[in-house]
Amino acid sequence: MKRKLNPIAIIYSTFIFIPLAIIATIITCLSIIIMTPIASDAKWGYYPGRVWGRVMCALALTRIKINGNENIDPEKSYIFVANHQSMFDIFLIYGYLNAKFKWIMKMELRRTPLLGKACESMGHIFVDRSSPMRAQKSLEAAKDRLLQGNNSIFLFPEGTRSSNGKIGRFKRGAFTIARDLHLPIIPVTISGAYNVLPKGGWHITPGSITMTIHNPIDTTNLTDDNLNEMIEQVKNTVESKIK
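Read on for an overview of the structure. These figures come from a predicted structure and were not determined experimentally. (Residues numbered from 1 in each chain as written. Predicted model: local features only at pLDDT ≥ 70, side-chain atom pairs only at ≥ 80, totals over all residues. Heavy atoms only, no water.)

**Side note on the environment of S208**
The line we're drawing: Every helix listed is a DSSP run of H or I at least four residues long, and every strand listed is a run of E at least two residues long, numbered separately from the N terminus. Relative accessibility decides the category of a residue: with a 1.4 Å probe and only protein chains considered, values under 20% of the type maximum give buried, values over 50% give exposed, and everything between is partly exposed.
Relative to the elements of secondary structure, S208 occurs in strand β7 (residues 208-213). Judged by its relative accessible area of 35%, S208 falls in the partly exposed class. Note: C-alpha distance between S208 and R63 (145 residues apart in sequence) is 4.5 Å.

**Considering the sheet that holds strand β4 (residues 125-127)**
Note the following rule: The pairing criterion is simple: DSSP has to find at least two bridges between the two strands. An axis is simply a line fitted to the C-alpha atoms; with a helix, the fit covers only the stretch in contact. Between two such axes, the angle follows the N-to-C directions and lies from 0 to 180 degrees. Whether two residues are in contact is decided by their heavy atoms: any pair within 4.5 Å suffices.
Taking strand neighbours across the sheet as the criterion, the 7 strands line up as β1-β7-β6-β2-β5-β3-β4 in an open arrangement whose pairing is mixed. Every other strand in the sheet has two partners, leaving β1 (63-67) and β4 as the edge strands with one partner each. When the angles between neighbouring strand axes are averaged without regard to direction, this sheet yields 20°. In this structure, strand β2 (residues 79-82) lies alongside strand β6 (residues 185-191), joined through 4 bridges in parallel fashion. Paired with I79 across the bridge in β6 is I185. Running over the sheet, helix α7 (residues 173-181) touches β2, β3 (101-106), β5 (152-155) and β6 and is turned about 160° from β2.

**Structural notes on the packing of aromatic side chains**
Convention followed: Two aromatic rings, drawn from Phe, Tyr or Trp (for Trp, its six-membered ring), form a pair once their centres lie within 6.5 Å of each other, and the interplanar angle then sorts them: stacked below 30 degrees, edge-to-face above 60, tilted otherwise.
Under the defined criterion, the tally for this structure stands at 14 aromatic pairs. Look at F17 and F88: their rings are 6.0 Å apart centre to centre, the planes differ by 25°, and that puts the pair in the stacked class. Of the two residues, F17 is situated in helix α1 (residues 7-35) and F88 in helix α4 (residues 88-96); the sequence distance between them amounts to 71 residues. Judged by relative accessible area, F17 falls into the buried class, the value being 7%. According to the relative accessible area criterion, F88 is buried, its value standing at 0%. Here a set of aromatic residues connected by ring pairs shows up, and it is made of F17, W52, Y78, F80, F88, F91, Y94, F101, W103, F154 and F156.

Encoded structure:
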């Protein structure tokens, strides 16, 4: 369904949100690029991003509700998988997920000025989707990162933002990592972000976004034989909290 144009939202987005969001993003990226080589990854790989995410949500005049952060043990590594409704998913997760994590993101973002360099400085993992072999090599890098200590990874298994707010097909990458490393999977549901800023949109509509962090799912016995069953279980869990 096509959104109704709200003149006030368009004016606010054009003259307030977008300029302030650009300034906040530039400041965040520069602080990460400059300070990460000097300071600890634990501080400069996460703290600026958390502040940035919350600032962006506040600028969008969006109400945020988080359920289930208590399901995360900060001393453990996880594979987080979530549905992808909007660009605001990024701000929400950065700002409010109570975990250290690395994104697995498409290689094209590496070429984004400042943002790509900041993500590289933070240790995020870029997936080259130009061929299955290169994509697999990127996922192997993700496994290596997880083995280097208390790090989780966050993926959108749909691979791209939803074009209609509904959940799409989940790809296998996140689940093969969980299978190989026997790390628990935490499904994450994002609901409401599509209404704030849908794919292809440029003006925000202030509203409410809810992020639900579900209970971890054990993958000790995950194999090729039951991988599709696990994917379906996680997809159903994510979908269960979309309003």
